[in-house]
Amino acid sequence: PVVVPAPVIPKVPKATSVNPPSLPDLPDLPLGPASLIAVPIIGLVAARGALGSTKETREKLQSRESELAKKRIEAQRKEERAKELQKDIDLGGLAKAAVFIGGAGAAVAGIALQPLLMSNLKLPSAPFAPSAPSA
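*Asks:* Kindly report on the overall build of the chain, identifying the contributing residues and their values.
*Replies:* Secondary structure assignment for the chain yields 1 helix and 0 strands. When the 135 residues of the chain are sorted by exposure, 0% land in the buried category. Here the chain displays about 13800 Å² of accessible surface, and carbon together with sulfur accounts for 68% of that area.

*Asks:* Before we move on, can you summarise the pattern of salt bridges with the specific residues and values?
*Replies:* What the rule picks out here adds up to 1 salt bridge. A salt bridge links Lys 78 to Glu 74, with the shortest nitrogen-to-oxygen separation between them at 3.8 Å. Here Lys 78 pairs with Glu 74, and both are found in helix α1 (residues 33–119), just 4 residues apart, close to one helical turn. With relative accessibility at 45%, the residue Glu 74 sits in the partly exposed group.

*Asks:* Go over a nonpolar patch on the surface with me, naming the residues and quoting the values.
*Replies:* The grouping of Leu 36, Ile 37, Ile 41 and Val 45 at the surface amounts to a nonpolar patch, some 440 Å² of accessible area in total. Tracing the chain through its elements places Ile 41 in helix α1.

Rules used in this analysis
- Residues numbered from 1 in each chain as written.
- Predicted model: local features only at pLDDT ≥ 70, side-chain atom pairs only at ≥ 80, totals over all residues.
- Heavy atoms only, no water.
- Helix = DSSP H or I, 4+ residues; strand = E, 2+ residues; numbered from the N terminus.
- Buried < 20%, exposed > 50% of the residue type's maximum accessible area, 1.4 Å probe, protein only.
- Areas by Shrake-Rupley, 256 points an atom, 1.4 Å probe, with all protein chains shown as cover.
- Salt bridge = Lys/Arg side-chain N within 4 Å of Asp/Glu carboxyl O.
- Patch = residues over 30% accessible without salt bridge, like charges linked within 9 Å, V, L, I, M, F, W, Y side chains within 5 Å.

This is the structure we're talking about:
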């Protein structure tokens, strides 16, 4: 009789999971009211440094913003002062021009109206009195 060897079945490697690696196993912690209070407090203490630096950064930004606001206000006040001075200078020049033009208008009116006014005027004359002969 012929001896047939037993078929060899290849070993298939085990399938690996696609999930990311999980956290290592931690020892069991007793859950109780103390842990419910302690865990948030520990978290706040750990985040205190980050929160403190955030507050300092906010204060620095606010101080910079207040400095910029003060500079803007000062610049606006300077502009307003400059505009007021410019208005004063313009009003003074305008007043001088108005006086000059008014005087010129009065002179022209006097020259134009003088012949009309003088034609109707008759100057009073002294009565003619015969003078005594001189001896």
